[in-house]
Amino acid sequence: MSEAARKKKAVRASIRSLKKQYTAMQLRLQSLPIIDRLLALPQVKDSPIILAYYSMSDEVDTHQLVRDLDRAGHLVLLPRVVDGEHLELREYHGDQDLKEGIAYHILEPVGPVFPLERYGEIGTAIIPGVAFDKQGHRCGHGKGYYDRMLKQLTTSYKIGIAFPFQIIPDVPTNDNDVRMDDVIF
């Protein structure tokens, strides 16, 4: 295991421990100002196609965000785990487009697949992470799903969102990591 991989493993354990100090309701309440700051960004307001994610219980809560973006007329894309390595992007047109996924038993989109050849049309990508630093470096869960997908989003404005306790001074990185253009916390 490389030095960066060891450091990332330690970061994940530290953040996991911090998250356990909060109830699900406390995390939902902490999510509200983060989502407000996100929605105020021109990159979000002005993007016709937005990649978001449907949050797990210990992540910044994006459930209402996804609904609000859809109602505001944005085409919202959500990732779905398709195998041990890849995500596919699917359109969201309402909660009827969500079903429990097999891989992680979280709600995943079942709407139409957004074709790879149209990824250049995604104006903004809202990305989860375990930890971020203020320079835009991201530490994910370690499976590489997002890093593989983010390499294909060469023209998208990438925004990491996290709770303040997920912002650390320096995220260890390697050649596979994709940097965020902005981090909202």
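Residues numbered from 1 in each chain as written. Predicted model: local features only at pLDDT ≥ 70, side-chain atom pairs only at ≥ 80, totals over all residues. Heavy atoms only, no water.

(A) Highlighting helix α4 (residues 63-71). Of the positions making up α4, those classed as buried are Leu65, Val66 and Leu69. For α4, the arc enclosing every buried residue in end-on projection is 100°, short of the 170-degree limit, so these residues lie on one face. On its buried face, α4 sits against α2 (24-39), α3 (42-45), β1 (49-51), β2 (75-81), β3 (87-92) and β6 (124-127). Just downstream of α4 lies glycine 73, where phi reads positive at about 100°. (Buried < 20%, exposed > 50% of the residue type's maximum accessible area, 1.4 Å probe, protein only. Helix = DSSP H or I, 4+ residues; strand = E, 2+ residues; numbered from the N terminus. Arc of directions from axis to C-beta. Contact = heavy atoms within 4.5 Å.)

(B) Spotlight on the pattern of salt bridges. By the definition in use, this model includes 9 salt bridges. Arginine 67 is paired through a salt bridge with aspartate 95; the nearest N and O atoms lie 2.9 Å apart. With arginine 67 in helix α4 and aspartate 95 in the loop between β3 and β4 (98-100), this pair connects stretches of sequence that are 28 residues apart. The exposure class of arginine 67 is partly exposed, given its relative accessible area of 21%. Among the salt bridges present, the one from arginine 80 reaches glutamate 88, with a minimum N-O distance of 2.8 Å. (Salt bridge = Lys/Arg side-chain N within 4 Å of Asp/Glu carboxyl O.)

(C) Representation of the environment of glycine 101 within the structure. Inspection of the secondary structure puts glycine 101 in the loop between β4 and β5 (107-109). Relative accessible area serves as the criterion here: at 8%, glycine 101 is assigned to the buried category. On a C-alpha basis, the gap between glycine 101 and leucine 77 in space is 16 Å, while along the polypeptide they are 24 residues apart. Once residues lying within four places of it in the same chain are set aside, the contact partners of glycine 101 are Ile106 and Glu108.

(D) Geometry of the nonpolar core. Membership of the largest hydrophobic core comes to 47 residues, with the highest contact counts inside it found for Leu38, Leu51, Ile122 and Ile161. Here the element with the most residues in this core is β2; it accounts for 5 residues. Once residues within four sequence positions are removed from consideration, isoleucine 122 is found in contact with Ile49, Leu51, Leu77, Leu89, Phe114, Leu153, Thr155 and Ser156. Counting 7 residues, the second largest nonpolar core, distinct from the first, contains Val11, Ile15, Cys139 and Val171. (Core = buried A, V, L, I, M, F, W, Y, C linked by side-chain atoms within 4.5 Å.)

(E) Main features of the pairing of β2. With 6 of 7 residues buried, β2 lies mostly within the body of the structure. Sheet topology note: the β1/β2 ladder contains 3 bridges and is parallel. Across the sheet, isoleucine 50 pairs through a bridge with valine 76, a residue of β2. Handedness of the crossover is the feature at issue here: the chain leaves β1, passes through α4, returns alongside β2, and the resulting connection is right-handed. Here β2 pairs with β3 via 6 bridges, running antiparallel. Considered in β3, the bridge of leucine 78 is made with arginine 90. In this antiparallel pair of consecutive strands, β2 and β3, the connection spans 5 residues. (Pairing = 2+ DSSP bridges. Right-handed = clockwise from strand over helix to strand, strands pointing away.)

(F) The arrangement of the packing of aromatic side chains in detail. Throughout the structure, instances matching the rule amount to 3 aromatic pairs. Between phenylalanine 114 and tyrosine 119, the ring centres sit 6.3 Å apart and the planes meet at 15°, which makes this aromatic pair stacked. There is no split in this pair, since phenylalanine 114 and tyrosine 119 are both buried. The interplanar angle of 10° and the centroid separation of 5.5 Å between the aromatic rings of phenylalanine 163 and phenylalanine 165 together place this pair among those described as stacked. A residue is classified by how much of its surface remains accessible, and phenylalanine 163, at 0% relative accessible area, is buried. With relative accessibility at 15%, the residue phenylalanine 165 sits in the buried group. Feature note: the residues Tyr22, Phe163 and Phe165 constitute an aromatic cluster, connected by ring pairs. (Phe/Tyr/Trp six-rings, centres within 6.5 Å; stacked < 30°, edge-to-face > 60°.)

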